[in-house]
Amino acid sequence: MKFISWNIDSLNAALTSDSARALLSRLVLDRLVKEDADVIAIQETKLPYSGLSKKHVEKLAEYFPEYDYVYRQSEEPARKSYAGTMTLYKKGLEVEASFPQIGAPCTMDFEGRIITLEFDNFYFTHVYTPNAGDKLVRLPDRQVWDRLYADYLKSLDQNKPVIAAGDFNVAHKEIDLANPDNNHESAGFTDEEREGFTNLLDKGFTDTFRHIHGDVEGRYTWWAQRVKTSKINNSGWRIDYFIVSDRIKDLITNSDMIDSGERQDHTPIVLEINI
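Here is a short report on the structure shown in this document.

Criteria and cut-off values
- Residues numbered from 1 in each chain as written.
- Predicted model: local features only at pLDDT ≥ 70, side-chain atom pairs only at ≥ 80, totals over all residues.
- Heavy atoms only, no water.
- Pairing = 2+ DSSP bridges.
- Helix = DSSP H or I, 4+ residues; strand = E, 2+ residues; numbered from the N terminus.
- Axes fitted to C-alpha atoms, helices over the stretch in contact; angles between N-to-C directions.
- Contact = heavy atoms within 4.5 Å.
- Buried < 20%, exposed > 50% of the residue type's maximum accessible area, 1.4 Å probe, protein only.

### A look at the sheet that holds strand β11 (residues 240-245)
Hydrogen bonding along the main chain pairs the strands of a sheet, whether they run parallel or antiparallel. Taking strand neighbours across the sheet as the criterion, the six strands line up as β5-β6-β7-β8-β11-β9 in an open arrangement whose pairing is mixed. Each of the sheet's edge strands pairs with one partner strand only, and the pair in question is β5 (96-98) and β9 (205-207). Taken over all neighbouring pairs, the strand axes of this sheet differ in orientation by 20 degrees on average, direction set aside. For β9 and β11, the ladder comprises three bridges, and the chain directions are antiparallel. The residue of β11 that forms the bridge with F205 is S245. Across the sheet, helix α4 (residues 139-157) lies against β6 (114-118), β7 (123-128), β8 (162-167), β9 and β11, angled at about 170 degrees from β7, the strand it touches most.

Structure, rendered in structure tokens:
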């Protein structure tokens, strides 16, 4: 099976706006259509409280006529048009969708951050992990989230193997970002966040990109929008992952990035696995 994950940074804008950035986002959507994946996981949809509009539904039907989908948007008391996730899956696939809350602090459980699909012989789940925020104001809550999310994946793994994808908002090792020396106090590369990801893997999971590619350097999934030359100079971070239960890691045939062209911010990632 083939899976794709992408933090789109506003599905809402990609489907409804004609800004230069939205046009670049739609070029990436065109690429994803051609990839013909079985499952496509999208993070940071930024849909309103009311969910999909009529225009959203029409545009999704144009891009993905062969897919069904489920989604979860932020809801009160979380901020409007914030975070959110969507999973598209090929019509004919038999799945049971759930939208778990993990007992996270603050409003994190109301920000639409996790969707899980249960298949006959495995779970596919994807996540938009909360960012630690400017000046690390949300780091204590993020640490709690990391522990609870790791426990959630472990609970799934006790029943069936797990494929987990998404924007985990952490560069795990120094080779996972271009400038580690300057970023030890930056959100996404603090010792606490890195330890949280290590704890997750230690519960019986494998970082599929590293499993396939080893310690290759200079391969990233995110480049800062605010720095115009970040992608040109490949000054990026690898913060988007596919992880799988250790017992199915040898079924992986591909784990890589998908070229997003000129568009900065996140690039999609792809996993192919004989499951």
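### What about the pairing of β11?
On a regular strand, one side chain projects to one face of the sheet and the next to the other, so that they alternate. Burial within β11 is extensive, with six of its six residues counted as buried. As paired elements, β8 and β11 share five bridges and run antiparallel to each other. Residue pairing in the sheet places G166 in a bridge with Y241 of β11.

### A look at the environment of F205
With respect to the helices and strands, the residue F205 is situated in strand β9. Separated by 27 residues in the primary sequence, F205 and A178 have C-alpha atoms spaced 25 Å apart. Not counting chain neighbours up to four residues away, the residues in contact with F205 comprise L153, K154, D157, V162, L200, I243, V244, S245 and D246.

### Some details on unusual backbone geometry
Look at the link from E76 to P77: it is a cis peptide, with omega at 10 degrees. Along the chain, the position of P77 falls in the loop between β3 (67-72) and β4 (85-90). One non-glycine residue with positive phi stands out, namely N234, at about 50 degrees. The phi torsion at D265 lies on the positive side, around 80 degrees, for a residue other than glycine. Here D265 shows up in strand β13 (residues 265-266).

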